[in-house]
Amino acid sequence: MGEARQVMDRLTDAVTTHADLNVVSELYAEDAVAFTPDEGELHGRDNIVEYWRTMKEALPEATFQTLHSYEVGDTAIDEGIFSGRNTGPLQLPNGETLPPTQKEIRIRGVDIATVKDGRIVDYRLYFDEMDFLGQLGLLPDEPF
């Protein structure tokens with residue numbers, strides 16, 4: 001197992017099983033860049049850690065079930081199922097906060113982390129945001 005795989009596994013653990021934002025912070029380079037479907041492009045460790053903080057606040061007991069994991073050079077790739085109950089406030093990209101829905105979510109996604117000198121410098125998270133919002137009951141009942 002290479003460095004990228006070890007860092008990705010530590011990140012997954014720090015945002016799910018053993019939630020620890022200090023560890024999350026240690027795993028990202030200060031000038032890291034992340035892309036998420038819900039927040040877009042995030043620049044800098046502090047903004048990325050804040051993203052994970054709001055996710056953990058909204059889904060404090062979340063888990064990640066790995067379906068596939070790969071490592072290619074300095075990049076680790078995971079495909080899996082992120083699941084949990086929305087028991088905390090949900091921060092929206094526009095700054096609004098929604099109260100907890102108490103609904104269970106189960107989202108399939110892919111994480112890609114490129115690591116240099118033991119820290120993530122580039123991180124990509126892909127999941128179906130409409131599926132996520134639908135499972136939370138935040139979409140209209142009628143089709144668009």
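First things first, this report covers the structure right here in the doc. Small disclaimer: the values here were computed from a predicted structure and weren't measured.

1. A few points about the nonpolar core
Grouped burial of nonpolar side chains is what soluble globular proteins tend to show.
Right, on to step 1. If you look at the biggest cluster of nonpolar residues, it comprises 37 residues, and the most contacted ones within it are Leu11, Tyr28, Trp52, Tyr123 and Phe132.
Right, on to step 2. Those residues within four positions of Leu11 in sequence are excluded, and the remaining contacts are Val24, Leu27, Tyr28, Trp52, Ile120 and Tyr123.

2. Quick look at the layout of surface pockets
Right, on to step 1. In this model, the largest pocket occupies a volume close to 180 Å³.
Right, on to step 2. What lines the largest pocket is a set of 15 residues, and nearest its centre among them are Asp38, Leu90, Gln91, Pro93 and Phe132.
Right, on to step 3. Contributing elements (two or more residues each) for the lining of the largest pocket: helix 3 (45-58), strand 5 (90-91) and helix 4 (129-135).
Right, on to step 4. Looking at which element gives the most residues to the lining of the largest pocket, the answer is helix 3, with 4 residues.
Right, on to step 5. Looking at the lining of the largest pocket, its residues break down into 10 nonpolar, 2 polar and 3 charged.

Rules behind the numbers
- Residues numbered from 1 in each chain as written.
- Predicted model: local features only at pLDDT ≥ 70, side-chain atom pairs only at ≥ 80, totals over all residues.
- Heavy atoms only, no water.
- Core = buried A, V, L, I, M, F, W, Y, C linked by side-chain atoms within 4.5 Å.
- Buried < 20%, exposed > 50% of the residue type's maximum accessible area, 1.4 Å probe, protein only.
- Contact = heavy atoms within 4.5 Å.
- 1 Å grid on protein atoms, 1.4 Å probe; cavity = no way out; pocket = protein on both sides within 12 Å on 5 of 7 lines; lining within 4 Å.
- Points joined across faces, edges and corners; volume = space filled by probe spheres on them.
- Helix = DSSP H or I, 4+ residues; strand = E, 2+ residues; numbered from the N terminus.
- Nonpolar A, V, L, I, M, F, W, Y, C, P; charged D, E, K, R; others polar.

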